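Coordinate inspection notes
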Amino acid sequence: MTSTPDLVIRGGNIADGKGGDLYEADVAITGGRITEVGKVSGKGKEEIDARGKLVAPGFVDVHTHYDGQVTWENRVSPSSGHGVTSVVMGNCGVGFAPCRPSDHVRLIQLMEGVEDIPEPVLSAGIPWA
């Protein structure tokens, strides 16, 4: 590696998402991107000792109910606090886009029943444009 990484996570148990066994390694991150996985020889500007801890690039939540919430709250809380970095929405057959203006009220009423999100919250929070 030619530059000093911003962060090196040392000695963690890596779950790389490929379905294989966990393995111990270091992870170097520069400019918000993983730049090296393995034995990182250089010192990072910041270092984290992850021995005995799980290190993963993030988790994909394939069944969420954020269709309404994501329009007014972009952190998809509480999932993001649990390590989720990507969410799949609309997989229950209900989503807010695309939607004809004539269907706005009907869709809000449907979501109010399915997800128990009050109509005033949905009406105020959804930027239909």
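Structure first, text after, so check above.
A brief look at the structure comes next. (Residues numbered from 1 in each chain as written. Predicted model: local features only at pLDDT ≥ 70, side-chain atom pairs only at ≥ 80, totals over all residues. Heavy atoms only, no water.)

**Comments concerning the overall build of the protein chain**
In terms of helices and strands, the protein chain carries two helices and seven strands. Mapped in sequence order, the helices and strands of the protein chain form the string β-β-β-β-β-β-β-α-α. Taking 2.2 N^0.38 as the reference for a compact globule, 129 residues should give roughly 14 Å; the C-alpha atoms of the protein chain span a radius of gyration of 20 Å, well beyond that estimate. A principal-axis box enclosing the C-alpha atoms of the protein chain has dimensions of 60 × 30 × 20 Å. Counting contacts in the protein chain only where the partners sit at least 6 residues apart, residues at least 24 apart contribute 54% of the total. Element-wise, carbon and sulfur atoms account for 54% of the exposed surface of the protein chain, whose accessible area totals about 8,500 Å². Charged side chains of the protein chain number 11 positive and 17 negative; the gap between the two group centres comes to 9 Å. (Helix = DSSP H or I, 4+ residues; strand = E, 2+ residues; numbered from the N terminus. Rg over C-alpha atoms; globule rule 2.2 N^0.38 Å. Contact = heavy atoms within 4.5 Å. Areas by Shrake-Rupley, 256 points an atom, 1.4 Å probe, with all protein chains shown as cover. Lys, Arg positive; Asp, Glu negative; His and termini not counted. Charge placed at Lys NZ, Arg CZ, Asp CG, Glu CD.)

**A word on the pairing of strand β3 (residues 33-38)**
On any regular strand, side chains alternate: one points to one face of the sheet, the next to the other face. For strand β2 (residues 23-30) and β3, the ladder comprises five bridges, and the chain directions are antiparallel. From the neighbouring strand, V27 faces β3, where its bridge partner is V37. Turn length for the β2-β3 hairpin, with the two strands adjacent in sequence and antiparallel, is two residues, and the turn residue G31 shows positive phi of about 60°. (Pairing = 2+ DSSP bridges.)

**A look at the pattern of salt bridges**
If you walk through the whole model with that rule in mind, you get six salt bridges. The salt bridge partner of K45 is D6, with a shortest N-O separation of 3.3 Å. In this pair, K45 is assigned in the loop between β3 and β4 (46-49) and D6 in the segment before β1 (7-14), connecting sequence segments 39 residues apart. K45 gets classed as exposed once you look at its relative accessible area, which sits at 63%. (Salt bridge = Lys/Arg side-chain N within 4 Å of Asp/Glu carboxyl O. Buried < 20%, exposed > 50% of the residue type's maximum accessible area, 1.4 Å probe, protein only.)

**Some remarks on unusual backbone geometry**
Cis geometry marks the peptide bond from S77 to P78; its omega dihedral reads 15°. Mapped onto the elements, P78 comes out in the loop between β6 (59-61) and β7 (84-87). In the Ramachandran plot, V76 falls in the positive-phi region, its phi being about 40° despite a non-glycine side chain. Its place among the elements puts V76 in the loop between β6 and β7.

**A closer look at the environment of G42**
Along the chain, the position of G42 falls in the loop between β3 and β4. Residue classification places G42 among the partly exposed residues on the basis of a relative accessible area of 31%. Counting along the chain gives 13 residues from G42 to I29, while the straight-line C-alpha distance between them is 12 Å. Leave out the neighbours within four places in its chain, and G42 touches V8, R10 and E47.

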